[in-house]
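Take a look at the letters that make up each chain.
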Amino acid sequence: MKKIFVTIAIAASLFTTNIYAATSATKTDDGTENVSYAAILKFNNDFARAENATWKVNPNFQKVTFTLDDVKMSAFYNLRGELIGVTQNVQFKALPEKAKKEIATKYEGYFAKEVIKLESGDDSFDNTVYFVDLAKDGKELLVRVTPSAGVYFFQDVK
């Protein structure tokens, strides 16, 4: 449940650009949406060795969860089949050293429950952002770590 919330929060806040009406998704006889053909082709090209792919479609994007080289990942495609970004869970130690120190100072006493690495589909610049789920005394919040290792409050979780 927590991973779903965090993934949705990330997707909803970061993937709103380049999203248009659901013109490429098709409907089945029972009224459910299918993954667009363009997204499937792009996914098969982007992640040729992926295994156990499962898709979910909502009005804003198409998400595929899969395993690649024994790592569970999720890729998000807009409704035209263009890659928006890829997420995976990583350990806290994967964060830049500067960010770890800033989190320790700004959020003293909090511990990292989960760290999600997000790589945007745009390869023209450093596109890796981390989202860290921090908890302390029943309070939980999400911070964003930028490519330059800046740490910014993103949202309260509880």
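(A) Broad picture of the sheet that holds strand β1 (residues 51-57). Taken together, eight strands build an open sheet; the order of strands is β1-β2-β3-β4-β5-β6-β7-β8 and the sheet is antiparallel. If you trace the sheet from one side to the other, it starts and ends with β1 and β8 (151-156), each paired once. Recorded for the sheet is a direction-independent mean angle of 25° between the axes of neighbouring strands. Sitting on the sheet, helix α3 (residues 97-106) is in contact with β6 (128-136), β7 (139-145) and β8, with an inclination near 55° to β8.

(B) Seen up close, α3. For α3, the set of buried residues is Ala99, Lys100 and Ile103. All buried residues of α3 lie within an arc of 100° about the axis, which places them on one face of the element. Counted as exposed and oriented over 90 degrees from the buried face of α3: Lys98, Lys101 and Thr105. The inward-facing, buried residues of α3 contact β6, β7 and β8.

(C) Geometry of the pairing of β1. Across five bridges, the pairing between β1 and strand β2 (residues 62-68) is antiparallel. Of the residues in β2, the one forming a bridge with valine 57 is glutamine 62. As consecutive antiparallel partners, β1 and β2 are separated by four residues.

About the cut-offs
Residues numbered from 1 in each chain as written. Predicted model: local features only at pLDDT ≥ 70, side-chain atom pairs only at ≥ 80, totals over all residues. Heavy atoms only, no water. Pairing = 2+ DSSP bridges. Helix = DSSP H or I, 4+ residues; strand = E, 2+ residues; numbered from the N terminus. Axes fitted to C-alpha atoms, helices over the stretch in contact; angles between N-to-C directions. Contact = heavy atoms within 4.5 Å. Buried < 20%, exposed > 50% of the residue type's maximum accessible area, 1.4 Å probe, protein only. Arc of directions from axis to C-beta.

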